[in-house]
Amino acid sequence: MSTEIQSYPKIFIGGEWVQPHSGRLIKSINPVTEEVWAEVAEADEIDIDIAVKAAREAFYGPWRRWTATERGASLRKMGDILLENAERLAFLETNDNGKPYRDTLGEIKRSAEWFYYYAGAADKIQGETIPNNPDSLAYTRREPVGVVGAITPWNSPISMYSWKIAPALAAGNTIVIKPAELTPVTSMEIARLSQDAGFPPGVINVVPGYGKVAGSSLAKHPLVNKIAFTGEYSTAQSIMKDAAVNLKRVSFECGGKAPHIIFDDADLDKALTVALHSAFRSTGQSCSLGSRLFVQRNIYKEFVKKLINRVRQIRVGMPLDKDTHIGPHTSKAQLDKTLQYIEIGKEEGAHLAVGGKQPEEFTRGYFVEPTVFTEVDNQSRLAQEEIFGPVLAIIPFDTDEDVLQMANNVQYGLVAGLWTKDIKRAHKFAADLEAGFISINTYRPIHWTLPYGGYKLSGYGRENGLEALHAYTEVKTVVVNLSDELPSDPFK
Ligand code: ADP
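One structure accompanies this document, and this report is about it. All values derive from a computational prediction rather than experimental measurement.

### Structural notes on the pattern of salt bridges
Between side chains of opposite charge, a pair can form as their charged atoms come close.
For step 1, the next point in the chain: Tallying each qualifying case throughout the model produces 24 salt bridges.
For step 2, the next point in the chain: One salt bridge connects Asp49 with Lys53, and the closest N-O pair in it is separated by 2.9 Å. Note that Asp49 and Lys53 are positioned in helix α1 (residues 45–60) at a spacing of four residues, about one turn of the helix.
For step 3, the next point in the chain: On the basis of relative accessibility, which here comes to 24%, the residue Asp49 falls in the partly exposed class.

Below you can see the structure in the form of structure tokens.
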């Protein structure tokens, strides 16, 4: 990599690169070197206001005149462009975020699928005719909500832009994107690439900035019709208050503390491989992490022993090396949080089975060892609070009733997984687990076609699938009177 600092001094509004009002730059740290590797313009409330107005102008202007099929064609083009630029984008994302290159490359290639899926769906957004009364014609129209503000997190930047841009634009909205201040670089590239996809100016606007300034002013702005947010639930609460100003539509995808349940009748080899990956992927910086592993008591000892052996083989390393399994945390703050929870786990009396510190071979970088605590109490902080790091809490259980109760006894409800060959048990758990996405004999197979989102503090609304498309529309009811009779006149 060149040691020169990557510079993106302008923000993208109305199809043009403009100077941010503050003139300031956000410094982005490479989590391997702990040094500034990129600088990105910092937008404030004045820039947000200009961007929202540009988005609104595009919404009422050229974008409205595009047919849904034409919108789909540009989204398709955007998918192609992502694929053409996947290697370069993955390189930038890895430097900004620390996730291994092979993972960022895979994520970016998959992100193209979101554009393809919603490209195809754009001209299939339909209302209904309703058999309401023989003397009337009643129907619904699905209309775009208007200007969407997208506030995205730092753990999977390009995926999170794609999950929001593609359905929002397919439904005919325009968008203002406020990327996370920790990883703003690829948002600037997305802005640039969107120009080649042929969207009219103002349909996509990108305004990096800090959450409390740029994010909050986007959430408050009276001309923004919807906020689509991914991040912490406490931030969602603050956005919800800001968004109340004009009763914005909101969709929130927040954190999780997912139960991953291994019954004694499961295919244990498969379950082991998946449990391992689901707990440590992306250095644990994923809201859908299988971070609470429940293992049935009669297989507990053997299963946990094998799992710990596999954890010892996870390669923590340089994210650009192709052999690396997990890279560093994205930020010092997240590293500190993970290390703090490891201390909490020890203080609470859980058994530290493997990991528990920064690997000694690195003198710099936000690296941490994959860590497993066994004999964890489900009521402990280690089991109840989202760490967002590679720290797995393993909890033994005896009966179906016990594990169901423990699995649901948490404030989150994003995903849950279970491994069993008993079909009755599988469907009973699918019905009784309080989470928005249940996986049986697999774990969290996220896909553009499958609605994704949380119960409880894990969120509000759904992303992906047709559910997401509908969430970017308003339903309008139209009733036409077909009768020749005089209306009844109660005032006569
Ligand atoms: P984290 O604390 O792990 O960075 P956040 O939920 O704070 O996670 O960040 C997700 C996104 O929310 C980021 O783009 C961030 O800038 C933004 N954000 C943070 N605070 C606010 C806020 N008060 N209002 C709007 N957006 C915010």
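Still more to cover.
### Brief notes about the packing of helix α10 (residues 268–280) against helix α11 (residues 297–312)
In helix packing, the relevant descriptors are the interaxial angle and the interaxial distance, both defined with respect to the helix axes.
For step 1, the next point in the chain: Two elements in contact, α10 and α11, have axes whose closest approach is 10 Å; the angle formed by their N-to-C orientations is 50 degrees. One element, α10, and the other, α11, form an angle in the oblique class. Once α10 is placed against α11, the crossing between them reads as right-handed. Along the contact surface, α10 presents Leu268, Asp269, Ala271, Leu272, Thr273, Ala275, Leu276 and Phe280, while α11 presents Ile299, Phe303, Lys306, Leu307, Arg310 and Val311.
For step 2, the next point in the chain: Class assignment of the residues belonging to the contact of α10 with α11 gives a composition of ten nonpolar, one polar and three charged.

### Observations concerning the packing of aromatic side chains
For step 1, the next point in the chain: Inspection of the entire model under this criterion finds 15 aromatic pairs.
For step 2, the next point in the chain: Considering the side-chain rings of Trp63 and Phe199, the 6.0 Å spacing of their centres and the 70 degrees angle between planes classify their relative orientation as edge-to-face. Highlighted residues: Trp63 in helix α2 (residues 62–65) and Phe199 in the loop between α7 (185–196) and β10 (204–206), separated in sequence by 136 residues.
For step 3, the next point in the chain: Residue classification places Phe199 among the buried residues on the basis of a relative accessible area of 10%.

### Comments concerning the environment of His447
For step 1, the next point in the chain: Residue placement: His447 occurs in the loop between β20 (437–440) and β21 (455–456).
For step 2, the next point in the chain: Put simply, His447 and Asp323 are 124 residues apart on the chain and 26 Å apart in space, counted from C-alpha to C-alpha.
For step 3, the next point in the chain: Ignoring sequence-local partners within four residues, the contact set of His447 consists of Arg110, Trp114 and Asn464.

### Examining the sheet that holds strand β4 (residues 25–30)
For step 1, the next point in the chain: One open sheet accounts for three strands, arranged β1-β5-β4; its pairing is mixed. Both edges of this open sheet fall to β1 (6–8) and β4, since each of them pairs with a single strand only. Between one strand axis and the next, the sheet turns by 25 degrees as a mean value, whatever way the strands run.
For step 2, the next point in the chain: Pairing analysis gives six bridges linking β4 to strand β5 (residues 35–41), with the strands arranged antiparallel. Each residue of the ladder has a partner; that of Asn30, found in β5, is Glu35.

### Brief notes about the side chain of Glu107
For step 1, the next point in the chain: As for its position among the elements, Glu107 is in helix α5 (residues 101–121).
For step 2, the next point in the chain: Polar contacts involving the side chain of Glu107 include one to the side chain of Ser159, which spans 2.9 Å.
For step 3, the next point in the chain: Residue contacts for Glu107: discarding those within four places in its chain leaves Lys99, Ser156 and Ser159.

### What to know about the environment of Glu128
For step 1, the next point in the chain: Note on placement: Glu128 falls in the loop between α5 and β6 (129–130).
For step 2, the next point in the chain: Distance in space between the C-alpha atoms of Glu128 and Gly327 is 49 Å, their sequence separation being 199 residues.
For step 3, the next point in the chain: Not counting chain neighbours up to four residues away, the residues in contact with Glu128 comprise Ala138, Tyr139 and Thr140.

### Considering the pairing of β4
For step 1, the next point in the chain: Residues Ile26, Ser28 and Asn30 of β4 are buried on one face, while the alternating residues Leu25, Lys27 and Ile29, pointing to the opposite face, are not.
For step 2, the next point in the chain: Taking the residues that link successive antiparallel strands as the turn, the β4-β5 hairpin has four residues, and the phi of Glu34 there is positive, at about 65 degrees.

Each value, and the rule that gives it
- Going along each chain's sequence as written, the residues are numbered from 1 onward.
- Two thresholds apply to this predicted model, a pLDDT of at least 70 for residue-level local features and 80 or more for giving and counting side-chain atom pairs, whereas whole-chain, interface and lining totals are computed over all residues.
- Calculated side-chain values reflect all of the structure's heavy atoms, with hydrogen atoms and water omitted.
- In what follows, salt bridge is the name for a side-chain nitrogen of Lys or Arg lying within 4 Å of a carboxyl oxygen of Asp or Glu.
- A run of DSSP states H or I qualifies as a helix once it reaches four residues; a run of E qualifies as a strand once it reaches two. Both are numbered from the N-terminal end.
- A simple rule labels every residue: compare its accessible area, found with a 1.4 Å probe on the protein chains alone, to the largest value its type can have, and call it buried under 20%, exposed over 50%, or partly exposed in between.
- Only the contacting stretch of a helix is used when fitting its axis, a line to C-alpha atoms as for every element, and angles between N-to-C directions run 0 to 180 degrees.
- The labels follow the angle: roughly parallel below 35 degrees, roughly antiparallel above 145, roughly perpendicular from 65 to 115, and oblique for the rest.
- Definitions for this section: a left-handed crossing has its near helix turned counterclockwise from the far helix by less than a right angle. A right-handed crossing has that turn clockwise.
- Residue contacts are counted whenever heavy atoms from the two residues lie within 4.5 Å of one another.
- Classification used: nonpolar for Ala, Val, Leu, Ile, Met, Phe, Trp, Tyr, Cys and Pro, charged for Asp, Glu, Lys and Arg, polar for all others including Gly.
- Aromatic contacts are taken between Phe, Tyr and Trp rings whose centres are within 6.5 Å, Trp giving its six-membered ring; a plane angle under 30 degrees counts as stacked, one over 60 as edge-to-face, and the others as tilted.
- Any two strands between which DSSP finds at least two bridges are classified as paired.
- Contacts described as polar in this section are N or O atom pairs within 3.5 Å, which, within protein, must combine one atom able to donate a hydrogen with one able to accept it, while residues neighboring in sequence count only if both atoms come from side chains.

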